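Read off the chains here:
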Amino acid sequence: MNIDPHAPPRPVVFDPVTRDLDVIVGFDGSTQSIHALDYAALEAQRSGRVLTVVTASGAPLPVSTAPLPSKLRDEVPGDAAKKILSDAREHLQGYPGGVNFRTERGDATVVLRELSTVAQLVIVGARGRGGFLGKIRGSVATALPAHAQCPTIVVSGGSVSSETEGAARFVPQSDPRPVVVGIDGSEHSRVAALHAARAAQDRDATLQLLMTLPSLEGWLDWYPELDPIDQGVINRRQSQLEQSLRAEVAWLLGHYPGLSVTAAVKPGDAVAQLTKATHDAQLVVVGTRGHGVFTGVLLGSVSRGVLLRAAGPVMVVPDLQDDRLSDQPGPIR
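Because the structure is predicted, anything quoted here is derived from the model rather than measured.

The rules behind these values
- Residues numbered from 1 in each chain as written.
- Predicted model: local features only at pLDDT ≥ 70, side-chain atom pairs only at ≥ 80, totals over all residues.
- Heavy atoms only, no water.
- Helix = DSSP H or I, 4+ residues; strand = E, 2+ residues; numbered from the N terminus.
- Buried < 20%, exposed > 50% of the residue type's maximum accessible area, 1.4 Å probe, protein only.
- Contact = heavy atoms within 4.5 Å.
- Areas by Shrake-Rupley, 256 points an atom, 1.4 Å probe, with all protein chains shown as cover.
- Salt bridge = Lys/Arg side-chain N within 4 Å of Asp/Glu carboxyl O.
- Phe/Tyr/Trp six-rings, centres within 6.5 Å; stacked < 30°, edge-to-face > 60°.
- Lys NZ or Arg CZ within 6 Å of the ring centre and 35° of its normal.
- Core = buried A, V, L, I, M, F, W, Y, C linked by side-chain atoms within 4.5 Å.
- Polar contact = N/O pair within 3.5 Å; in protein donor to acceptor, adjacent residues only side chain to side chain.
- Axes fitted to C-alpha atoms, helices over the stretch in contact; angles between N-to-C directions.
- Parallel < 35°, antiparallel > 145°, perpendicular 65-115°, else oblique.
- Nonpolar A, V, L, I, M, F, W, Y, C, P; charged D, E, K, R; others polar.
- pLDDT = per-residue confidence, 0-100.
- Right-handed = clockwise from strand over helix to strand, strands pointing away.
- Pairing = 2+ DSSP bridges.

S.K.: Explain the overall build of the protein to me, using residue names and the numbers behind them.
M.R.: Within the protein, the regular secondary structure consists of nine helices and ten strands. Scored against the burial criterion, the 333 residues of the protein give a buried share of 44%. Contacts in the protein between residues far apart in sequence, at least 24 positions, make up 81% of those at least 6 positions apart. As displayed, the protein offers around 17400 Å² of accessible surface, 53% of which is attributable to carbon and sulfur atoms.

S.K.: I'd like a rundown of the pattern of salt bridges, residues and numbers included.
M.R.: Taken as a whole, this structure holds ten salt bridges when the rule is applied. E43 is paired through a salt bridge with R49; the nearest N and O atoms lie 3.8 Å apart. An identical accessibility class is assigned to E43 and R49; each is buried. Each member of the salt-bridge network shares a partner with another, and the members are E43, R46, R49 and R203.

S.K.: Hey, could you go over the packing of aromatic side chains for me, with residue numbers and the actual values?
M.R.: Evaluated as defined, the whole model comprises one aromatic pair. Measuring from centroid to centroid gives 5.2 Å for Y95 and F170, while their planes differ by 85 degrees, and the two rings are edge-to-face. Of this pair, Y95 sits in the loop between α2 (70-91) and β3 (99-104) while F170 sits in the loop between β5 (152-155) and β6 (179-182), and the two are 75 residues apart along the sequence. Classification of Y95 by relative accessible area gives buried; the value is 10%. Above the plane of the ring of Y39 lies R46, whose end atom (NZ or CZ) is 5.9 Å from the centre.

S.K.: So what's going on with the nonpolar core? Residues and values would help.
M.R.: Formed by 83 residues in total, the largest nonpolar core has its most connected members in L51, V53, I123, L207 and V285. Take this core: its biggest share by element is eight residues, from helix α6 (residues 187-203). Among all residues touching L51, those that are not within four sequence positions of it are V23, V25, L37, A40, A41, A44, L92, Y95, G98, V99 and N100.

S.K.: Give me the lowdown on the environment of R190, citing residues and values where you can.
M.R.: Along the polypeptide, R190 turns up in helix α6. Sequence separation between R190 and E248 is 58 residues, and the spatial gap between their C-alpha atoms is 8.4 Å. A distance of 3.1 Å separates a polar atom in the side chain of R190 from the backbone oxygen of P329.

S.K.: Outline the packing of helix α1 (residues 31-47) against α6, supporting the account with residue identities and numerical values.
M.R.: Where α1 meets α6, the closest approach of the two axes is 9 Å, and the angle between their N-to-C directions is 85 degrees. By the angle class used here, α1 and α6 are roughly perpendicular. Counted together, Y39, E43, R46 and S47 of α1 and R198, D202 and R203 of α6 form the full contact between these two elements. Its residues assigned to classes, the contact of α1 with α6 comprises one nonpolar, one polar and five charged.

S.K.: Pulling in residues and values, what's your account of the confidence of the model for the protein?
M.R.: Residue-level pLDDT values for the protein average 80, and 75% of them are 70 or greater. Mean pLDDT across the elements of the protein bottoms out in helix α4 (residues 131-136) (33) and peaks in β6 (97). Predicted confidence is poor over residues 59-76, with pLDDT under 50, and the contacts of this stretch with residues over four places away or in other chains come to six contacts.

S.K.: Lay out the pairing of strand β2 (residues 51-56) in plain terms, naming residues and giving numbers.
M.R.: Among the six residues of β2, six are classified as buried, and the element is accordingly described as predominantly covered. Side chains L51, V53 and T55 of β2 all project onto a buried face; the interleaved residues T52, V54 and A56 project onto the opposite face, where all are buried too. Handedness of the crossover is the feature at issue here: the chain leaves strand β1 (residues 21-26), passes through α1, returns alongside β2, and the resulting connection is right-handed. As judged from the six bridges shared by β2 and β3, these two strands associate in the parallel manner. Across the sheet, residue V53 finds its bridge partner in β3, namely F101.

S.K.: Any chance you could break down the environment of R309 for me, citing the residues and the numbers?
M.R.: Note that R309 resides in helix α9 (residues 301-309). For the pair R309 and L274, spaced 35 residues apart in sequence, the C-alpha to C-alpha distance is 9.6 Å. If we skip the residues at most four places from it in the chain, R309 touches V271 and T275. Looking at R309, its side chain comes within polar contact range of the main-chain oxygen of G305, at 3.0 Å.

S.K.: Mind laying out α9, listing which residues take part and the relevant values?
M.R.: By the burial criterion, the buried members of α9 are S303, G305, V306 and L307. Its buried side turned inward, α9 meets α5 (140-147), β5, α8 (270-277), β9 (283-287) and β10 (314-317).

The following block contains the structure:
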């Protein structure tokens with residue numbers, strides 16, 4: 001049997017009931033991982049799930065021109081991991097929910113990717129101890145969403161910690177901001193919308209479907225006969241897409257009755273619009289891939305672009321099997 005190496009991977013079977021781990025957070029003691037830990041604690045509380053804090057003991061040692069003694073090479077990762085988990089326990093003092101702590105041997109990205117096969121959700125900080133060098137080479141936050149087999153939330157921006165102390169720090173607060181999901185009519189984006197709807201329901205928030213209408217201005221270099229652009233054509237196309245989105249809203253409400261759902265078609269670049277939404281939303285949700293030429297790419301240009309520019313938390317949903325697609329609306333044209 002011939003296998004096309006450029007073909008997109010098959011959807012991952014995802015059944016939360018069969019997943020042994022609920023919410024996983026990667027923790028390395030960095031400031032960003034502390035933000036991720038706070039976020040994950042609130043996420044687990046909102047959804048009534050168990051939190052698991054994971055640290056990897058095989059993280060690269062600091063760059064040095066001098067060779068390290070073999071004893072130090074062997075002991076540092078394990079000792080550091082114990083200290084990191086101890087810091088996590090101390091930080092979570094007063095947390096009222098179920099929580100587990102575990103150390104895994106190996107590279108953080110590989111460890112979390114393997115755990116994503118048995119988890120419902122993985123949460124990581126935008127940057128860890130790798131700093132700028134780690135980001136150039138591909139940090140956990142950019143590499144993990146491309147390979148995870150469950151949704152991943154990358155936490156950017158400042159700490160979500162409350163000013164209160166004890167268990168009160170982990171009581172989710174009311175937030176009027178929406179959960180925003182990018183949708184393009186593909187099955188993949190609809191699976192992302194279903195996970196966004198769950199996130200909005202857990203937060204008692206409005207879900208906003210966002211579709212972008214690319215500008216025609218860039219086409220003028222190739223098709224000058226289109227100039228001047230007929231604004232009426234753009235308006236009609238926007239109206240058509242808004243009508244299609246109403247069908248998407250009705251479909252989601254069939255699976256999440258009572259959820260507040262809005263929809264908008266905004267002219268412009270998808271990365272720019274979704275990145276802008278990260279400033280004003282509780283959470284922005286994207287699929288790893290959508291409509292596009294390079295459908296075999298593990299992490300599409302939109303999801304990667306949003307992750308690199310996000311000012312707030314972003315959930316990336318991989319290509320998952322979902323039985324709820326059986327009654328999905330027709331294609332958006």
